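# A structural walkthrough
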Amino acid sequence: MVTYVSKRLGQSLLTIFLTVSTVFVLIRMAPGDPAYALAGPLASTGDLEKIRISMGLNEPLLTQYGIFLKELGAGNIGKSYSFQAPALEVVMSRLPNTIFLAVLAILLAIVVAIPLGVWMAKRADTKRELGVNVLTIAGQSMPDFWIGIMLLTLFAVVFPIFPSSGFTSWSGVVLPVTTVAILQIALVSRMVRREVGTNMAAPYLTVARARGTGEQKLTWAYAMRNSSIPILTTLGTRFAGMLNGVVVVEVVFNWPGLGSLVVRALETRDYPLIQATVLVTSVLAVGVQLLIDLCYPLLDPRVRLGKVSVA
């Protein structure tokens, strides 16, 4: 167990390091000049050069990377150009709103997708199941921003039931959470259908059914239990993905999370702010995945971490 946890921690740290390093290089290779974005079009060449020197952007890329790693090791990821404050503090001030949105969306997905997936598995290949399956495929195919715009137009403009933007009341939560949750519901319900359907057709359930075990127990105590690992893995992966992927939805609904912060950071070429956002979301995503891995033995006693692969 200790060996397994140590190995996974090492892999997690390496993943975070490679992610942050890749972003460091890519944003500096992208077109655009942070000095120009900060000083504006009326700045002289001399002013721009002074800003670049103050930011350390006049140094070679390898030197900048070395300074970045040294500061990162000391717990300092830099000062935001646009906020004139430590980039990590700026990100942490917005992070709770993004986590709040992601948690509500994944809870809604769990409440809807698991019963829906079981319902589809028990009615596989019927006309009703086919109709629901088509809807889940449609939900899986539509991009988040399009769903958000449609919901916004319908329920905030045509029928002004919910506010169109911001997070000033609980009613303002409904449309963003629903937008994020629709894709998760479509993906998770289809996966639950497949896993539960496979387990329901397994020989051990046929034997249990022949012995008189009720369908409810067969479904929820046996089939769902044996499907729990892939379901948990999918939910964890989706949740981790949401922490990085709700940017567009947050922009559509003017949600005060990391989305608008990332957009502003990209517009102003605010390198420290971009790096801080990537670092924080990577740590959260990898942490969630690690926590899920450690939960496997609790769901299936046959799994022994460090001895049997859980992949």
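Before reading on, note that the structure itself is shown above.
An account of the accompanying structure is given in this report. No experiment lies behind these values; they were computed from the predicted model shown.

## Concerning helix 3 (residues 45-55)
Inspection of helix 3 places Leu-48, Ile-51 and Met-55 among the buried residues, and these make up the whole buried set. The buried residues of helix 3 occupy an angular sector of 60° when the element is viewed end-on, so they sit on one face. Residues Thr-45, Lys-50 and Ser-54 are exposed on helix 3 and point more than 90 degrees away from its buried face. Check the buried side of helix 3 and you find it contacts helix 2 (34-39).

## Considerations on the environment of Val-132
Looking at the secondary structure, you find Val-132 in helix 6 (residues 127-141). The class of Val-132 is buried, set by a relative accessible area of 18%. The residues touching Val-132, leaving out its near neighbours within four places in the chain, are Leu-116, Trp-119 and Met-120.

## Describing the packing of helix 1 (residues 2-29) against helix 4 (residues 61-73)
Interaxial distance between helix 1 and helix 4 falls to 11 Å at its minimum, and their mutual angle equals 140°. In this structure, the crossing between helix 1 and helix 4 has a hand that is right-handed. Counted together, Phe-17, Val-20, Ser-21, Phe-24 and Arg-28 of helix 1 and Leu-61, Gln-64, Tyr-65, Phe-68 and Leu-69 of helix 4 form the full contact between these two elements. Considered class by class, the residues forming the contact of helix 1 with helix 4 number 7 nonpolar, 2 polar and 1 charged.

## Focus: the nonpolar core
Note on soluble globular proteins: their nonpolar side chains tend to be buried together. Of all hydrophobic cores here, the largest spans 42 residues; its most connected members are Val-180, Val-192, Val-196, Ile-231, Phe-239 and Met-242. Counting only elements with at least two residues in this core, the list comes to helix 5 (87-122), helix 7 (144-158), helix 8 (171-200), helix 9 (203-210), helix 10 (215-245) and helix 13 (271-299). Residue contributions to this core peak at 11 residues, all from helix 8. If we skip the residues at most four places from it in the chain, Ile-231 touches Ile-114, Met-191, Val-192 and Met-224. Judged by nonpolar contacts, the second largest core, of 29 residues, contains Phe-24, Ile-27, Ala-265 and Leu-279.

## Observations regarding the packing of aromatic side chains
Following the criterion strictly, the structure yields 5 aromatic pairs and no others. Taken together, a centroid distance of 4.9 Å and an interplanar angle of 25° make the contact between Phe-24 and Phe-68 stacked. Of this pair, Phe-24 sits in helix 1 while Phe-68 is found in helix 4, placing the two residues 44 residues apart along the sequence. Members of the aromatic cluster, joined through ring pairs, are Phe-24, Tyr-65 and Phe-68.

## Digging into the packing of helix 12 (residues 258-267) against helix 13
Where helix 12 meets helix 13, the axes come as close as 9 Å, and the angle between the chain directions of the two elements is 145°. For helix 12 against helix 13, the interelement crossing comes out left-handed. Residue-level inspection shows Leu-258, Leu-261, Val-262, Ala-265 and Leu-266 of helix 12 in contact with helix 13, the latter providing Leu-273, Ile-274, Thr-277 and Thr-281. Along the lines of polarity and charge, the residues of the contact of helix 12 with helix 13 split into 7 nonpolar, 2 polar and no charged.

Reading guide: rules and limits
Residues numbered from 1 in each chain as written. Predicted model: local features only at pLDDT ≥ 70, side-chain atom pairs only at ≥ 80, totals over all residues. Heavy atoms only, no water. Buried < 20%, exposed > 50% of the residue type's maximum accessible area, 1.4 Å probe, protein only. Helix = DSSP H or I, 4+ residues; strand = E, 2+ residues; numbered from the N terminus. Arc of directions from axis to C-beta. Contact = heavy atoms within 4.5 Å. Axes fitted to C-alpha atoms, helices over the stretch in contact; angles between N-to-C directions. Left-handed = near helix turned anticlockwise from the far one by under 90°. Nonpolar A, V, L, I, M, F, W, Y, C, P; charged D, E, K, R; others polar. Core = buried A, V, L, I, M, F, W, Y, C linked by side-chain atoms within 4.5 Å. Phe/Tyr/Trp six-rings, centres within 6.5 Å; stacked < 30°, edge-to-face > 60°.

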